[in-house]
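Architecture and fold: a report
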Amino acid sequence: MKTTSISPELEGQPPIALLKRYGVSLPDGATAIRYREVLPRSGGTLYVRMRVPDAAAREWLTALGGNHADLTRAWSPINRHELRESGWHIAVSDALFGTWIPVAESEPESDKKVVIVERPGDIAQVYLVTNR
């Protein structure tokens, strides 16, 4: 018996209550936002992809508790299982930067995985995976 509920990928701004449940916000200037929530028997995972101006992506990373200096070139923290659930195809290249942001001990949410793929025109493709 399957215990996981995977929502279809939805387009647009996720509901504020959903973002709060996962302890995240989205960056200013985000466009082409798509998201999906996966709900196993307990917890859950939120997958969000969007396009964001490069400067706003780096500011947002800081707001999530990360640091742009921690971005690792040509590395994705998103594992195969998460890629399969999300439906994403992320090619590792020199334009890709990834980081894993551990949750602060004082917060109930778990870690956050962020991938930023630089694109021409100072707009990045950004991927977020976060659990609760």
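Residues numbered from 1 in each chain as written. Predicted model: local features only at pLDDT ≥ 70, side-chain atom pairs only at ≥ 80, totals over all residues. Heavy atoms only, no water.

**With respect to the packing of aromatic side chains**
The description of an aromatic ring pair uses the distance of the two centres, along with the angle that the planes make with each other. This structure, assessed with the given rule, holds 2 aromatic pairs. Summarising the aromatic geometry, the rings of Tyr47 and Trp88 are spaced 5.7 Å apart at their centres and angled 90° between planes, so their arrangement reads as edge-to-face. Taken as a pair, Tyr47 in strand 4 (residues 45-53) and Trp88 in the loop between helix 3 (80-86) and strand 6 (96-101) lie far apart in primary sequence, 41 residues in all. This pair shows no difference in class: Tyr47 is buried, exactly as Trp88 is. (Phe/Tyr/Trp six-rings, centres within 6.5 Å; stacked < 30°, edge-to-face > 60°. Helix = DSSP H or I, 4+ residues; strand = E, 2+ residues; numbered from the N terminus. Buried < 20%, exposed > 50% of the residue type's maximum accessible area, 1.4 Å probe, protein only.)

**A closer look at the nonpolar core**
Looking at soluble globular proteins, one finds that nonpolar side chains tend to be buried together. By size, the foremost hydrophobic cluster in this structure holds 24 residues, and its most contacted members are Leu46, Val48, Met50, Val114 and Val126. Those elements that place two or more of their residues in this core are helix 1 (16-21), strand 3 (31-39), strand 4, helix 2 (54-63), strand 6, strand 7 (112-119) and strand 8 (123-131). Those residues in contact with Met50 that sit more than four places away from it in its chain are Leu26, Pro27, Ala30, Thr31, Ala32, Ile33, Trp60, Ala124, Gln125 and Val126. Ranked by size, the runner-up nonpolar core spans 10 residues in total, among them Val38, Val115, Val117 and Tyr127. (Core = buried A, V, L, I, M, F, W, Y, C linked by side-chain atoms within 4.5 Å. Contact = heavy atoms within 4.5 Å.)

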